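# Overview (structure and organization)
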Amino acid sequence: MNPPDLPSPAARALAEALHAALADAWTAVDAPGPLDAAPPVTDYRAAPVPDDLSAGRAELIVEASDLPALRAALNSGADAVVIDFDDTFAPTPANVAAAWAALPEWLAADVPLLARPRALYAPQPGLTYAGQPARGALCDLAALLTARPGRVPHLYLPKLESVPQARAWATALRVAEGHLGLKPGTLRVCLQIETLPGLLHMDALLAELQPWAFGLNAGRWDYVFSLVKTTGATRTVPVPPRSGLGMDVDAMQAYAQALVDVCRARGAQAVGGTAAVSPDPIDPTPALDAVRADKAREAAQGFQGAWAGLPELLEAVRDGLATPAPTPAPTAPVTRERLLALPNPGPLPAAEVRDTLGLALDVFGAWFAGQGVITRNGRIEDTATAELARALLWQWVRVGVPLDDGSVFDRPAYRTLRRALRPDDAPEATLLDHVVLADAAPAYVPLEAHRLTLTERTFHD
């Protein structure tokens, strides 16, 4: 495996400056996000929304190394294109190198652009700065900001959990602007609220990044994953399967409400979730109608933009945002109890448990092969939904969830089912066993794959 290097001297110089500025920050950054009550934040206003990001927009998210899809996205009619190095991206050396090398072409496009670098936890194997392993987020940021002088994309900042993480990003943005001679506050970012600690502290996160942060984004599946991972060990009953964790669940309504409330209070923009269905070519209407209804609900709540996972979903996203659903009745205040109150699903369908396990294996297998996103059973699946799947399996095994066929899904049942789908020596099986059978749910699968040296054994140029 030949590690990639940053594509230009300018990118390497900025990466070195970013790593030097944050050399003493990683212990605090890598600590789990707190679940205690957030301290009060002094009055402030969010940064202005960039002029090229109109309200009601449909943003098309594309995996950063999928060059044909990116070229198609730039001509898709999307109101903005999101270049993704995170959930849909498998960071093989070949993918990283291809994505970095293609950035000058993307940044030349006459389309509003946003980019999502990797999360702060993610390493960049093969690179070191001042004797410390490089971080993928800072390498991506350096590549993005130096690829085409005079054009910098707006940014989504993923997986935020704590004030030290927000402070690290603030340092990185400040250092980058100074290094590149940009006016302070030139860069613009939207914070992804996709963890439970991040939700509980999102006002403080926004305040830390106030000179640059114009909005908050609801990453719903990542958020549910965080909710299950963070609270699953204290639950004595099973959490619902993914089909029972939609936005009609009160805990999820509270999540969206809390995000919009902070945006309204601080003058920030609320950006909704991803339309991630793959319409049936023979009869796309049901899928497109579902997208419109979901985006109409988000618009009624106060969201002003949303993502599409495929070009054919753009119109439905845009239509839904333009036609808000009827104003809902006044909702109860957001409380910690509401946020944590997931319903008890009772016995789970055995077929749904099997599908959840199969989803995790399919996505992890594709990820090891360099494919960060797949289409499966009419849905677009990526690391976020696979992370949720493995967290659900971990929690179900932990409580020994009863199934509708009269059996119990415990550790032996998990192993039997997993072995029916993949042999023990498959890397995706090794990884899934590791995270499902752990006493405590590990933080992130890509980091665990790196720690188990599975990426070194499977990622090839």
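This structure is a prediction, so every number in the text was calculated from the model and none was measured.

## Structural notes on helix H11 (residues 285-301)
A rise of 1.5 Å per residue sets the reference length of H11, with its 17 residues, at 24 Å; its end C-alpha atoms lie 24 Å apart and thus fit the reference within 8%. Looking at H11, one finds that the buried residues are Ala287, Leu288, Val291, Asp294, Lys295, Ala296, Arg297, Glu298, Ala299 and Gln301. Residues of H11 that are buried sit in contact with helix H9 (220-231), helix H10 (250-266), strand E9 (269-275), strand E10 (305-308) and helix H12 (314-322). Looking one or two places after H11, you find Gly302, whose phi comes out positive at around 120 degrees.

## Topic: the pattern of salt bridges
For the structure shown, the criterion picks out 35 salt bridges. Measuring nitrogen to oxygen at the nearest pair gives 2.8 Å for the salt bridge that ties Arg167 to Glu208. Here the residue Arg167 occupies a position in helix H6 (residues 163-180), and Glu208 occupies one in helix H8 (residues 202-208), the gap between them amounting to 41 residues. Under the relative-accessibility criterion, Arg167 is labelled partly exposed at 44%. In this structure, Arg390 engages Glu387 in a salt bridge whose closest nitrogen and oxygen atoms are separated by 2.7 Å. Taken together, the positions of Arg390 and Glu387, both in helix H15 (residues 383-399) and three residues apart, correspond to about one turn of that helix. Residue Arg390 shares its accessibility class with Glu387, and that shared class is buried. Salt bridges here are not isolated pairs; linked through shared partners, they connect Asp84, Asp86, Asp87, Arg116, Lys159, Glu194 and Asp222.

## What to know about the pairing of strand E12 (residues 379-382)
In terms of strand pairing, strand E11 (residues 373-376) meets E12 through four bridges, oriented antiparallel. Looking at E12, one finds that Thr375 is bridged to Ile380.

## What to know about the side chain of Lys159
Tracing the sequence through the fold places Lys159 in the loop between strand E6 (154-157) and H6. Engagement of the side chain of Lys159 in a polar contact is seen with the side chain of Asp86, the distance being 2.7 Å. Setting aside chain neighbours within four positions, we find Lys159 in contact with Asp86, Asp87, Ala119, Gln165, Gln192, Glu194, Thr195, Asp222 and Tyr444.

## Description of the sheet that holds strand E8 (residues 213-218)
Taken in spatial order, the eight strands of this closed barrel run E1-E2-E3-E6-E7-E8-E9-E10, and their pairing is parallel. Averaged over all pairs of adjacent strands, the angle between their axes in this sheet comes to 30 degrees, without regard to strand direction. Pairing of strand E1 (residues 57-63) with strand E2 (residues 80-84) involves five bridges; the strand directions are parallel. Across the sheet, residue Glu59 finds its bridge partner in E2, namely Ala80. Taken strand by strand, helix H3 (residues 67-74) contacts E1, E2 and strand E3 (113-116), and its axis lies near 165 degrees from that of E1.

## Some thoughts on empty space enclosed by the protein
On inspection of all chains with the given rule, the structure shows three cavities of 30 Å³ or more. Space inside the largest cavity adds up to approximately 310 Å³. Around the largest cavity, the lining is made up of 25 residues, and of these Pro91, Arg118, Pro123, Trp367 and Pro446 lie nearest the centre. Of the residues in the lining of the largest cavity, the class split is 17 nonpolar, five polar and three charged. Both domains that meet at the lining of the largest cavity, namely domain 1 (17-218 + 249-337) and domain 2 (346-456), each give it at least three residues. Looking at the second largest cavity, its volume works out to about 40 Å³. Together, Ala218, Arg220, Met247, Tyr255, Ala256, Arg297, Glu298 and Phe303 line the second largest cavity. Put simply, the parts of the chain that give the lining of the second largest cavity at least two residues each are H10 and H11. Of the residues that constitute the lining of the second largest cavity, the class distribution is five nonpolar, no polar and three charged.

## Observations regarding the pairing of strand E4 (residues 123-129)
In this structure, E4 lies alongside strand E5 (residues 132-135), joined through three bridges in antiparallel fashion. Counted as the bridge partner of Pro123 is Arg135 from E5. Linking E4 back to E5 in an antiparallel pair, the connection comprises two residues, with Ala130 at a positive phi of about 50 degrees.

## Some details on the UniProt feature "domain: Malate synthase C-terminal" (unreviewed entry) in the protein
Mapped onto the present numbering, the UniProt feature "domain: Malate synthase C-terminal" (unreviewed entry) falls at residues 351-410. Spanning residues 351-410, this segment combines 58% helix with 20% strand, and its end C-alpha atoms are found 15 Å apart.

## Examining the domain arrangement of the protein
Here the domain parsing of the protein yields domain 1 (17-218 + 249-337) and domain 2 (346-456). Facing 18 residues of domain 1, the contacting portion of domain 2 comprises 16 residues. Carbon and sulfur atoms make up 63% of the surface buried where domain 1 meets domain 2, a total of about 1400 Å² over both sides. On the domain 1 side of the contact with domain 2, Asp87, Tyr121 and Ala276 bury the most area, a combined 37% of that side's loss. In this structure, the connection of domain 1 to domain 2 is made through zero salt bridges. For the side of domain 1 that touches domain 2, the residue count by class is nine nonpolar, six polar and three charged.

Reading guide: rules and limits
Residues numbered from 1 in each chain as written. Predicted model: local features only at pLDDT ≥ 70, side-chain atom pairs only at ≥ 80, totals over all residues. Heavy atoms only, no water. Helix = DSSP H or I, 4+ residues; strand = E, 2+ residues; numbered from the N terminus. Expected span 1.5 Å × (residues − 1). Buried < 20%, exposed > 50% of the residue type's maximum accessible area, 1.4 Å probe, protein only. Contact = heavy atoms within 4.5 Å. Salt bridge = Lys/Arg side-chain N within 4 Å of Asp/Glu carboxyl O. Pairing = 2+ DSSP bridges. Polar contact = N/O pair within 3.5 Å; in protein donor to acceptor, adjacent residues only side chain to side chain. Axes fitted to C-alpha atoms, helices over the stretch in contact; angles between N-to-C directions. 1 Å grid on protein atoms, 1.4 Å probe; cavity = no way out; pocket = protein on both sides within 12 Å on 5 of 7 lines; lining within 4 Å. Points joined across faces, edges and corners; volume = space filled by probe spheres on them. Nonpolar A, V, L, I, M, F, W, Y, C, P; charged D, E, K, R; others polar. Domains from an automatic or database assignment. UniProt positions renumbered as here; feature names shortened; annotations may be inferred. Buried area = accessible area lost by both parts, 1.4 Å probe.

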